[in-house]
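Each chain is listed here by its residues.
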Amino acid sequence: DLRRIRETFGRSGNAGQHPRILITRRRIEELKAQARGDAQLARLIVDCLADADKSLQKENRFWITGTGTFSTLQSDLGMLRSLGLGWLLTGDRKYVDHAWKQVKQAIDRSEWGATHEHQFLGTGNMSAIMGLAYDWFYDGFSPEQRRQLREAIAEKALKPGLFFHSIRYPRWVTNDNNWNPVSNGGLLTSAI
């Protein structure tokens, strides 16, 4: 139940800390320290930063409706993940600024696919992207930017998700296909 989830999260040491999804600030610092004596890890970090720099040249599409949604959103998730690692590893604002430009485009969309019941897979993916962006760029985004992103997540992902859960929508809420973990996983990521 919600009380147990909150208690467990409180004990995790991640309450009030960012990032906390997939990686923590402490783990980033450990990796940077470890890389000083580990040539293979140092090369991986260089490769991550090269990907982040390539992502600075990319624009998202965040295309929600129609065919091709899943692969396009997966590509956009990869771009934001690369930018996020660039930011977390270097603290360079160029990654934050480009990420915000991409996130702002998504915020400005009227919806993330949830108004089309057969497109909620896109909503789940978008929810994961925006939740990860909120968490990983938390210290780089301004309080106003974080507010805008929180409100977009609530209105365009969480509220529609709760609606579909309330009617136990069979396509992804109660089904055992990939739509369930993608949609629910995205909602959970943005909720965290």
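The following refers to the structure shown. Predicted model, so just to flag it, every value in this text is computed and none were measured.

Rules of the game
Residues numbered from 1 in each chain as written. Predicted model: local features only at pLDDT ≥ 70, side-chain atom pairs only at ≥ 80, totals over all residues. Heavy atoms only, no water. Helix = DSSP H or I, 4+ residues; strand = E, 2+ residues; numbered from the N terminus. Rg over C-alpha atoms; globule rule 2.2 N^0.38 Å. Expected span 1.5 Å × (residues − 1). Buried < 20%, exposed > 50% of the residue type's maximum accessible area, 1.4 Å probe, protein only. Axes fitted to C-alpha atoms, helices over the stretch in contact; angles between N-to-C directions. Parallel < 35°, antiparallel > 145°, perpendicular 65-115°, else oblique. Left-handed = near helix turned anticlockwise from the far one by under 90°. Contact = heavy atoms within 4.5 Å. Nonpolar A, V, L, I, M, F, W, Y, C, P; charged D, E, K, R; others polar. Salt bridge = Lys/Arg side-chain N within 4 Å of Asp/Glu carboxyl O. Phe/Tyr/Trp six-rings, centres within 6.5 Å; stacked < 30°, edge-to-face > 60°. Core = buried A, V, L, I, M, F, W, Y, C linked by side-chain atoms within 4.5 Å.

Helices and strands together make up the secondary structure of the protein, namely 8 helices and 0 strands. When the helices and strands of the protein are placed in sequence order, the string is α-α-α-α-α-α-α-α. Taking 16 Å as the expected radius of gyration for a compact globule of 192 residues, we find that the protein reaches 17 Å, a close match to that expectation. Principal-axis analysis of the C-alpha atoms places the extent of the protein at approximately 55 × 40 × 35 Å.

It is worth spelling out helix H8 (residues 179–191) at this point. For H8, built from 13 residues, the straight-helix expectation of 18 Å at 1.5 Å per residue is met to within 8% by its first-to-last C-alpha distance of 18 Å. For H8, the complete set of buried residues consists of Trp 179, Asn 180, Ser 183, Asn 184, Gly 186, Leu 187, Thr 189 and Ser 190.

With that settled, the discussion passes to the packing of helix H3 (residues 39–55) against helix H5 (residues 93–107). Put simply, H3 and H5 touch, their axes get as near as 10 Å, and they point 45 degrees apart. Taken together, the axes of H3 and H5 are oblique relative to one another. Regarding H3 and H5, the two cross each other, and that crossing is left-handed. Between H3 and H5, the contacting residues are Leu 49, Ala 52, Asp 53 and Ser 55 on the first element and Lys 94, Tyr 95 and His 98 on the second. Residues of the contact of H3 with H5, tallied by class, amount to 3 nonpolar, 2 polar and 2 charged.

Per the counting criterion, the structure on display carries 11 salt bridges. Among the salt bridges present, the one from Lys 32 reaches Glu 29, with a minimum N-O distance of 3.4 Å. Of the two residues, Lys 32 and Glu 29 are both situated in helix H2 (residues 25–35); the distance of 3 residues between them amounts to about one turn of the helix. For Lys 32, a relative accessible area of 25% corresponds to the partly exposed category. When its relative accessible area of 38% is taken as the criterion, Glu 29 is described as partly exposed. Of the charged contacts, one joins Asp 108 and Lys 104 as a salt bridge, the two residues approaching to 2.9 Å between their closest N and O atoms. Among the charged side chains, a network of salt bridges with common partners joins Arg 26, Arg 27 and Glu 30.

Bringing the side chain of Thr 123 into the picture now. Tracing the chain through its elements places Thr 123 in helix H6 (residues 120–136). Overall, Thr 123 belongs to the buried group, its relative accessible area being 0%. What Thr 123 contacts, discounting residues up to four positions off in sequence, is Trp 112, Gly 113, Ala 114, Lys 156 and Ala 157.

The next subject is the packing of aromatic side chains. One pass over the full model with this rule turns up 7 aromatic pairs. Look at Tyr 134 and Tyr 138: their rings are 5.5 Å apart centre to centre, the planes differ by 75 degrees, and that puts the pair in the edge-to-face class. A relative accessible area of 22% means that Tyr 138 is categorised as partly exposed. Ring pairing ties together the aromatic residues Phe 120, Phe 163, Phe 164 and Trp 172, which thus form one cluster.

For the rest of this paragraph, the subject is the nonpolar core. Grouped together as the largest cluster of nonpolar side chains are 45 residues, with contacts concentrated most on Leu 80, Val 103, Trp 112, Met 130, Phe 137, Leu 149 and Trp 172. Going through the elements one at a time, H2, H3, helix H4 (69–90), H5, H6, helix H7 (143–166) and H8 are the ones with two or more residues in this core. For this core, the element with the highest residue contribution is H6, accounting for 9 residues.

This brings us to the environment of Arg 43. Among the structural elements, Arg 43 can be located in helix H3. C-alpha of Arg 43 to C-alpha of Ile 192: the two residues are 149 residues apart in sequence and 31 Å apart in space.

Moving on, we get to unusual backbone geometry. Cis rather than trans, the peptide bond between His 18 and Pro 19 has omega equal to -5 degrees. Topologically, Pro 19 is positioned in the loop between helix H1 (2–11) and H2.

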